[in-house]
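Here is what each chain is made of, one letter per residue.
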Amino acid sequence: MSRISALLLSIAWFVIGTTATAHAGATLDRIKAAGSLPCGINTEEPEYSTQDAHGNHSAFDLDICKAVAVAVLGPNAKFTVVPYRVEQEALKALKSGEIALLATGSPNLINTAKTGFGFAPPVFFDYQGFLVNKTMGISSPKDLAGKKICFLGGTEIEDQLQGYMAREKIKWLPFSFQEEGEMEAAFVTTNCAAISADVSQLGYERIAFKGLAHNFEILPDVIAKDPLAPTYRLDDPQWATIVNWTVEALIQAEESGVTKANLAEMKKSDDPVIQRLLGTQRGYGQFIGLDDAWAARVIEAVGNYGEIFERDLGSGSAMKLAR
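Summary of the structure given here. (Residues numbered from 1 in each chain as written. Predicted model: local features only at pLDDT ≥ 70, side-chain atom pairs only at ≥ 80, totals over all residues. Heavy atoms only, no water.)

1. Description of the overall build of the protein chain
Move 1: Each helix and strand counted, the protein chain has 13 helices and 10 strands in total.
Move 2: The buried share among the 323 residues of the protein chain stands at 52%.
Move 3: Restricting the contact set of the protein chain to residue pairs at least 6 apart, pairs at least 24 apart contribute 76%.
Move 4: When the accessible surface of the protein chain is split by element, carbon and sulfur atoms take 55% of a total near 14400 Å². (Helix = DSSP H or I, 4+ residues; strand = E, 2+ residues; numbered from the N terminus. Buried < 20%, exposed > 50% of the residue type's maximum accessible area, 1.4 Å probe, protein only. Contact = heavy atoms within 4.5 Å. Areas by Shrake-Rupley, 256 points an atom, 1.4 Å probe, with all protein chains shown as cover.)

And the structure:
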C-alpha cells in the first residue's frame, strides 16, 4: 500500500463518524435469519479455461467469505460455500440471490457496466505474466526473444500477449494451443520457453508439475492487470457498505500493525485509528449497522490482509505468489 493510500484510509477511519447511521438492510436480515452467509468461491482446477483466466485460489476466497461472515454473525459464524468454475455462472447466482457475496470477481469494464453489481476494493491483484523454464537461462521477457511462447489461442490472453511483446519490441515465436494438456507437454519438454496466463493460473499450474516445479519461475513482469474484488448486488446499500468496510478493515489492520497474535495488546493502543478499528472507542459500529467489535472479531478469525495473503497465496502457501 502506498503512503498516500494509507493516509487516506486512516483519514477515513477518523471521519467515519460523520456518516449517517446505516439502516438495517434486507440482505443482512436474510443472513441473520438463515444463520449463514451464502458465499461464492472460485474452484478452478489446474487447467486453462477460455472463459475464466484465473486459477484456483479457493483458500483465499474462503478467508474472504469467513471475514464477512464473522463481521455480521459473530465469532462462530457459518458460511455456505457455493463453488463455481466460471465467473459468469457465479455472477448469475449472485444476481438471482443464490449467493449474497462472490468472494472474488473481476471489476472489469464489462462487469462494472452491467447494472446491479458492485465491487469492494480489490483484494488480489492478479495479472497476466510469464511462467518460464529457468534451465533455459530465462530471467526476463527480453530473454524470450526468438523463442516460442505457449498460450491458449483465440483468447484475450493471446491479444494481450501480442500487444505487450510489440510494445517491448521483443521478436518472439507464437505457439498457440487449443488444449491445455498439449501446451503443458510442450512447456515441460522445452518445446516452448514460457507459458503466458494469469499468475494465479500459472502458480496453481506450477504445483501440478510436482518434482519439476523448482525449474519453473513466474517472472515479475506484468503483461496486463486483472484485479479481483469481493462482489455484491447494488440493491442493498447497507450490505455494500459492510462488505467494503470489511475489506478496508483488513487492509487498515495490516497498515496499523494489528495482527491476529497481537490483537489483545493492540486493544490498549491510544492511536485513534486503532481504537476505532478495534471498537475500543465506542459507537462506531452503528454507522454500518454492526456492533463495535465487528472488525476485531474479523482480525481474530482470519488475521489482517497481509496474513491472509501470505497464508493462502504467498510464501506460506503452495502457490508462493509474490505480493
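2. Regarding the pairing of strand β5 (residues 124–133)
Move 1: The element β5 is extensively covered by neighbouring structure, given that nine of its 10 residues are classed as buried.
Move 2: By the bridge criterion, five bridges tie β5 to strand β10 (residues 224–233) in an arrangement that is antiparallel. Bridging across to β10, phenylalanine 125 finds its partner in proline 227.
Move 3: In this sheet, strand β8 (residues 194–198) lies alongside β5 in antiparallel orientation, the contact comprising five bridges. Pairing of phenylalanine 130 across the sheet is with serine 196, part of β8.
Move 4: Relative to strand β9 (residues 216–218), β5 runs antiparallel, the two being bridged by three bridges. (Pairing = 2+ DSSP bridges.)

3. Brief notes about helix α7 (residues 180–188)
Move 1: Taken residue by residue, α7 has Glu180, Met183, Glu184, Ala186 and Phe187 as its buried positions. Taken end-on, α7 shows its buried residues confined to a sector of 160°, consistent with a single buried face.
Move 2: Elements that come into contact with the buried residues of α7 comprise β5, β6 (148–152), β7 (173–177), β8, α8 (199–208) and β9.
Move 3: Backbone geometry just downstream of α7 places threonine 190 in the positive-phi region, at approximately 60°. (Arc of directions from axis to C-beta.)

4. A look at the packing of helix α9 (residues 237–255) against helix α13 (residues 305–312)
Move 1: At their nearest, the axes of α9 and α13 sit 6 Å apart, and the two run at 95° to each other. By the angle between their directions, the pair α9 and α13 is classed as roughly perpendicular. Note on element contacts: α13 touches α9 through Tyr305, Gly306 and Ile308, opposite Leu250, Ile251 and Glu254.
Move 2: Residue composition of the contact of α9 with α13, by class: four nonpolar, one polar and one charged. (Axes fitted to C-alpha atoms, helices over the stretch in contact; angles between N-to-C directions. Parallel < 35°, antiparallel > 145°, perpendicular 65-115°, else oblique. Nonpolar A, V, L, I, M, F, W, Y, C, P; charged D, E, K, R; others polar.)

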